[in-house]
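Summary of structural features
Each chain is listed here by its residues.
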Amino acid sequence: MLTQVLGKGGIVARPGKPRAAGAGRPRARREPVHPGYFLDTRYLKPLKLTQLGLDLSEDLALALLREVLREAEPRGVFVRLDMEDSPRVEATLRLYRALREEGFSQVGIVLQSYLYRTEKDLLDLLPYRPNLRLVKGAYREPKEVAFPDKRLIDAEYLHLGKLALKEGLYVAFATHD
């Protein structure tokens, strides 16, 4: 029972009027799964989970992610979960792990090297053999959760990249430098 509304971050789903079975699902290859996301490519732009209702309900975001992946995987489309600001990291990682445990294999995750917690997150994800995109981080975070100095962020980015490669992970390196 969902309706789609235009929210601050884009289209989000929220509890509301019932929808017909299958409503909102892509009906043709060029129909968007989500604004700006099409299933006629081999790769979806990273999905921001707040655009799938994460701030409303983690269960809602997981249900919508499942729908996206059920449409994407048979077409060979890879879906990456984007990482947002630090208050949403734990929920994003929980959803990623849940999807992998349910057998979804064409899903990856973004990790931000400027967060103090990221090395532990990477080590905890190793059993899932994640397809990883490593970024430095672009959100303004408090010094209690993130390295405040660019040199430290650069060093951590390099350290985490080497660690991921040493573990044999596929890593996409991304930076705005």
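Structure: above.
The rules we used
Residues numbered from 1 in each chain as written. Predicted model: local features only at pLDDT ≥ 70, side-chain atom pairs only at ≥ 80, totals over all residues. Heavy atoms only, no water. Salt bridge = Lys/Arg side-chain N within 4 Å of Asp/Glu carboxyl O. Helix = DSSP H or I, 4+ residues; strand = E, 2+ residues; numbered from the N terminus. Buried < 20%, exposed > 50% of the residue type's maximum accessible area, 1.4 Å probe, protein only. Phe/Tyr/Trp six-rings, centres within 6.5 Å; stacked < 30°, edge-to-face > 60°. Pairing = 2+ DSSP bridges. Right-handed = clockwise from strand over helix to strand, strands pointing away.

Tallying each qualifying case throughout the model produces 13 salt bridges. Residue Asp55 pairs with Arg88 through a salt bridge whose shortest N-O separation is 2.6 Å. One end of the pair, Asp55, is in the loop between strand S4 (37–38) and helix H1 (58–72); the other, Arg88, is in the loop between strand S5 (79–81) and helix H2 (89–101), and 33 residues separate them in sequence. Asp55 gets classed as partly exposed once you look at its relative accessible area, which sits at 48%. Lys136 is the salt-bridge partner of Asp154, the closest N and O atoms lying 2.6 Å from each other. Here Lys136 lies in the loop between strand S7 (132–135) and helix H4 (150–166) and Asp154 lies in helix H4, a separation of 18 residues in the sequence. With a relative accessible area of 27%, Asp154 lands in the partly exposed category. For Lys136, a relative accessible area of 13% translates into the label buried. When salt bridges with common partners are traced through the structure, they connect Glu90, Arg97, Arg117 and Asp121 into a single cluster.

This paragraph deals with the packing of aromatic side chains. What the rule picks out here adds up to three aromatic pairs. Where Tyr116 meets Phe147, the ring centres are 4.7 Å apart and the plane angle is 80 degrees; that geometry is what we call edge-to-face. Placement of the pair is Tyr116 in the loop between strand S6 (107–112) and helix H3 (118–125) and Phe147 in the loop between S7 and H4, with a sequence separation of 31 residues. According to the relative accessible area criterion, Tyr116 is partly exposed, its value standing at 38%.

Now for the pairing of S7. By the bridge criterion, four bridges tie S6 to S7 in an arrangement that is parallel. Note that in S7 the partner of Ile109 across the bridge is Leu132. Crossover connection from S6 via H3 to parallel S7: handedness right-handed. Bridge analysis of S7 against strand S8 (residues 171–173) gives three bridges, and the strand direction is parallel. Its bridge partner being in S8, Leu132 is matched across the sheet by Val171.

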